[in-house]
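Next come the chains, spelled out residue by residue.
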Amino acid sequence: LAQESRIRRSIRYRSTVGSHPTSRLSAYYPITELAMSLRFGQHFIAAFLCGLGLLPCTSRATYDVGDAEEDDTMSMLQRPAIATPDAEASAAAAGAGRTWPILVPLQRESVPLIRNGKTVAHKTSYAGAISIGHPAQDFRVVFDTGSAHVVVPSAACSSESCLEHRSYNISASSSALAVNVDGSQVEAGELGDQVTIGYGTGKVVGEFARDEVCLGGDSEETRACVKVSMVMAVEMTTQPFKSFNFDGIFGLSLDALAVAPEFSFFNRLAGSGFGGELQFGVFLAGPDAGQEHSSEIALGGHNSKRLLSPLQWTPVAKEQMGYWQIEIKEVRVGNKTLDVCKDGSCRGVVDTGTSHFGVPGSSIGEFQRALTTEGAEDEDCRFVDAPSMDLVLEGIMLSLGPPNYMRPLPIPVGVEVGSARGVTMESEGQVDQPVESASTSSHTGAATADSASKTSHACAPRIMPVNLPAPLGPNLFILGEPLLSRYYTVYDWKEARIGFGLAATKANKEALVQEGQEVDSQDEQQEEIYSFMQVTVTVSVRYKQAGVVARGRRTLTAPGLALPM
C-alpha cells in the first residue's frame, strides 16, 4: 500500500509538469492511476489471503509493480514513442491491404515574369496535396528530392510569405505534439528548439512538431499516413516563397540530410512495415498545353505506365551526404567533350525542387556560349538549330536537346532574367537580398554579340551557376526540371540507386513519331529560377538556465552534416 501511494503521488506530479497544451499525457494519467489502484488493491487482497493460507503465494505482485514503474517511466514520462509496437503492427497490416504504388497528382502552377510590359518568362512549380493532423489540415507542397524535411508555415508565423499561404495550427490537431530536435517533448513553460534551413534560393526558420502526415487519395486503400517529425516555419523569406502558390516543401532526400531520422518521411514510412517497395517515382509532364494536371509522384514503387523505355539504373554517389547524387563521367555539347569533368570530380544532384539545369559556376560561360543562339521575336526557341547536351553516367547516357533545355520564349537582348548568383552557400544575412539577374547581353557570349546587329532577340538555355564548395562542389551539376521533364526517375531507397527511363510525355511521344513537329509557343510556360536543394541547416537548442532562457547553437552543413559545437 505504501508503494502504491508513492506511485500515485508520482503520477500526479508528473502529469502536472507534462501538461503542455499539445500533450496528451494529462488525458491519459487519470485512467492509468485508476488501473494501478485496482491492480494494487488486487495484489493487497491476494497477499492477505496468502498470509491466511487460503491462496498460494507467488512473486507476481512484485513483478507487476516493477513493470508498472518501468512502463510508466519509459512510455509516459520521457520521450513519447513515435509509434508503439501495436501501432507499427497496425500500420503494417493496413499497408498490406493497400494498392501500391500510391499516386499523388502534381499540378503545374505558373506565374508570369514581366519585363518592360511584356511576358518574357514564367515561374513554374509542381505541387501536390498532403494533409497533416486530426482533423486534417490541407496543404500544397513541392515534393523535393534535394531536401529532407516536411516544412509548412506555422499559424504563429507573421512573415509576409507565411500570410500568403495556408498555415499549420498545432493546437487544432489532437494528434500533434511539440518536440525538440532530439524528439523529446517540449515541456510547459519551455521554448522549443529552432532550426534554420538554407535552400539554394531562400531559407526558413522553424520549430518542431510531430504529427500524422498523409498523402494520396481519400480512401484507406489509396492513402499513406505516417507519424513524422516536421518543421513549422515561423519565418520564410520573401523569395521564392511569396510568389509561388504552394504552401511548403516535402523533403524526400536520403535521411542523412535530416536533423534526425525521425524527420525523414520516407525513412519513417520504411520503418512502419508498409507493403510497398522502398521506392518512389517522379513524372513531370513538362510545359505542354493541357498537361497542367498530368504530373505525379508514385510512392511505394513506380508507375510503369509513365515510361516509354526500360529503366536504366546508376548508383548513388557519396550516399553518406544524403543527396540523390550520381557521378558524371563526361559532358558533351554537340560533338565536343567539355573539360569540366576530365578530372573525374563531377557529380549531379537529381533535384525535383530545382527549376533549371545547374552547372558548375566556373563553367557557366562555356555552357552559355555553346548553347545560346540567335532567335526571332515570334520564334519558339525549342525548335531552333542548337546542339544536344549529353551526360555520360556509369552505364547510361542522358541526352537533352533544345526542346528540353531551351527557354521557349526568346529573350530581348539586354533584358535581365534568371540569376547570375545561382546556387551558393549563402550566409544568413545574404539569403534574402535581391538577386542580381543575368541578361542576354552579358551571358549569351559570342553567339549573341556577333548577331546583335541581325536580331533583337536570343534563344537562351535554362541553366544557372552552382557555386558550392567542397565536399559537395565545386564541380557539381543540379539536374532539375529540364532533365526531369524528359526522363522518368525512380529513387530506390533500399539499393541507393536512381533509375532513368524516357518519360511518356506528350513531347517525347511526338518526337518519337515525327521529329521537329512545331508547337504553338503561346501555349508554353517558362519558369524563373528557384532551387529547394538543401544547403545549410542550423539548429538552435533553447533551454532554461537559472530561470533565464539560454541558447546553444549547432550548425549542420549539408555536405556531410558536420556538427561543430
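A. Spotlight on the overall build of the protein. The secondary structure content of the protein amounts to 13 helices and 31 strands. Every one of the 565 residues in the protein was classed for burial, and the buried ones make up 54%. The long-range share in the protein, meaning contacts at least 24 apart out of those at least 6 apart in sequence, stands at 72%. For the protein, the computed accessible surface area is about 23900 Å², with 51% contributed by carbon and sulfur atoms.

B. Examining the nonpolar core more closely. Counting residues in each nonpolar core, the largest one holds 77 residues, and the members touching the most others are Phe143, Tyr168, Phe250, Phe265, Phe367, Phe477 and Phe500. Tallying contributions element by element places strand S8 (residues 223-236) first for this core, with five residues. Discounting chain neighbours no more than four positions away, the residues touching phenylalanine 250 are Ile130, Val141, Val142, Phe143, Asp144, His149, Val150, Val213, Leu215 and Phe265. Membership of the second largest hydrophobic core comes to 38 residues, among which are Val151, Val231, Phe244 and Leu468.

C. How the structure looks around the side chain of arginine 210. Looking at where arginine 210 falls in the secondary structure, it is placed in strand S7 (residues 203-216). Here arginine 210 sits buried without a salt bridge, and the closest side chain of opposite charge, glutamate 262, lies 6.8 Å off (N-O distance). Among the polar contacts made by the side chain of arginine 210, one reaches the main-chain carbonyl oxygen of glycine 183 at a distance of 3.0 Å.

D. Region of interest: the sheet that holds strand S15 (residues 336-337). Here four strands make up an open sheet; going across it, the order is S15-S14-S19-S20 and the pairing antiparallel. Edge positions in the open sheet fall to S15 and strand S20 (397-400), since each of these has one partner strand only. Judged from the four bridges that link them, strand S14 (residues 330-333) and strand S19 (residues 389-392) form a sheet pairing that is antiparallel. Note that in S19 the partner of arginine 332 across the bridge is aspartate 390. Contacts between helix H8 (residues 364-371) and the sheet are confined to S14, S15 and S19, with S14 contributing the most and set at about 35 degrees to the helix.

E. Molecular detail of the side chain of serine 131. Within the element layout of this structure, serine 131 appears in strand S2 (residues 118-132). Non-local contacts of serine 131, meaning those with residues more than four positions away in its chain, are made with Ala136, Gln137, Asp138, Glu212, Val213 and Cys214.

F. Quick look at the confidence of the model for the protein. Per-residue confidence for the protein averages 74 on the pLDDT scale, and 66% of its residues sit at or above 70. When the criterion is pLDDT under 50, residues 516-528 qualifies, and its contacts beyond four places in sequence or with other chains add up to 49 contacts. A low-confidence stretch, residues 554-565 (pLDDT under 50), is modelled with 37 contacts involving residues beyond four sequence positions or located in other chains.

G. Local environment of the pairing of strand S17 (residues 357-360). Sheet topology note: the S17/strand S27 (residues 476-479) ladder contains two bridges and is antiparallel. Within S27, the residue paired with phenylalanine 357 across the bridge is leucine 479. As defined by bridge partners, S17 adjoins strand S26 (residues 463-467) across four bridges and the pair is classed as parallel. Along S26, the bridge assignment pairs proline 360 with valine 466.

H. Geometry of the state of the cysteines. For the structure shown, the criterion picks out four disulfides. Here cysteine 341 connects covalently by a disulfide to cysteine 346, the sulfurs 2.2 Å from one another. Taking the torsion about the S-S bond as the criterion, the cysteine 341 to cysteine 346 disulfide, at about -95 degrees, is left-handed. The exposure classification of cysteine 341 matches that of cysteine 346, with both residues buried. Between cysteine 381 and cysteine 459 runs a disulfide, and the two sulfur atoms are separated by 2.1 Å. Between cysteine 381 and cysteine 459, the S-S dihedral sits near -75 degrees, and the bridge is therefore left-handed.

I. Local environment of H8. Along H8, the positions that sit buried rather than exposed are Ile364, Phe367, Gln368 and Leu371. Buried residues of H8, seen end-on, are gathered within an arc of 100 degrees and therefore sit on one face of the element.

J. A look at a nonpolar patch on the surface. Taken together, the side chains of Leu308, Leu512 and Val513 make up a nonpolar region of the molecular surface, amounting to roughly 310 Å² of accessible area. Within the element layout of this structure, leucine 308 appears in the loop between strand S11 (295-299) and strand S12 (312-315).

K. Inspection of the sheet that holds strand S21 (residues 411-412) at higher detail. Taken together, three strands build an open sheet; the order of strands is S18-S25-S21 and the sheet is antiparallel. Of all the strands in the sheet, the pair left with one neighbour each is strand S18 (373-375) and S21. Alignment of S18 against strand S25 (residues 457-459), held across three bridges, turns out to be antiparallel. When the bridges of S25 are listed, threonine 373 appears paired with cysteine 459.

L. Fine view of empty space enclosed by the protein. Counted according to the given criterion, the structure contains five cavities of 30 Å³ or more. Taken together, the elements giving at least two residues each to the lining of the largest cavity come down to helix H9 (402-405) and helix H13 (506-513). Grouping the amino acids of the lining of the largest cavity by side-chain chemistry returns four nonpolar, five polar and four charged. By volume, the second largest cavity amounts to about 70 Å³. Lining the second largest cavity are Leu106, Tyr126, Val142, Phe143, Val282, Leu284, Ile297 and Thr352. When its residues are assigned to classes, the lining of the second largest cavity shows seven nonpolar, one polar and no charged.

M. Here's a closer look at unusual backbone geometry. Of note, the amide linkage connecting histidine 134 to proline 135 takes the cis form, showing an omega dihedral of -5 degrees. Inspection of the secondary structure assignment puts proline 135 in the loop between S2 and strand S3 (137-144). The step from glutamine 239 to proline 240 runs through a cis peptide bond, and the omega angle for that step is 5 degrees. Within the secondary structure, proline 240 is located in helix H6 (residues 238-241). Although it is not a glycine, lysine 318 sits at a positive phi angle of roughly 50 degrees. Note that lysine 318 resides in the loop between S12 and strand S13 (325-327). Residue lysine 318 is classed as partly exposed on the basis of its relative accessible area, which comes to 38%. One non-glycine residue, alanine 496, lies in positive phi territory at about 50 degrees. Overall, alanine 496 belongs to the buried group, its relative accessible area being 10%.

Criteria and thresholds
- Residues numbered from 1 in each chain as written.
- Predicted model: local features only at pLDDT ≥ 70, side-chain atom pairs only at ≥ 80, totals over all residues.
- Heavy atoms only, no water.
- Helix = DSSP H or I, 4+ residues; strand = E, 2+ residues; numbered from the N terminus.
- Buried < 20%, exposed > 50% of the residue type's maximum accessible area, 1.4 Å probe, protein only.
- Contact = heavy atoms within 4.5 Å.
- Areas by Shrake-Rupley, 256 points an atom, 1.4 Å probe, with all protein chains shown as cover.
- Core = buried A, V, L, I, M, F, W, Y, C linked by side-chain atoms within 4.5 Å.
- Lys, Arg positive; Asp, Glu negative; His and termini not counted.
- Salt bridge = Lys/Arg side-chain N within 4 Å of Asp/Glu carboxyl O.
- Polar contact = N/O pair within 3.5 Å; in protein donor to acceptor, adjacent residues only side chain to side chain.
- Pairing = 2+ DSSP bridges.
- Axes fitted to C-alpha atoms, helices over the stretch in contact; angles between N-to-C directions.
- pLDDT = per-residue confidence, 0-100.
- Disulfide = S-S within 2.5 Å.
- Arc of directions from axis to C-beta.
- Patch = residues over 30% accessible without salt bridge, like charges linked within 9 Å, V, L, I, M, F, W, Y side chains within 5 Å.
- 1 Å grid on protein atoms, 1.4 Å probe; cavity = no way out; pocket = protein on both sides within 12 Å on 5 of 7 lines; lining within 4 Å.
- Points joined across faces, edges and corners; volume = space filled by probe spheres on them.
- Nonpolar A, V, L, I, M, F, W, Y, C, P; charged D, E, K, R; others polar.

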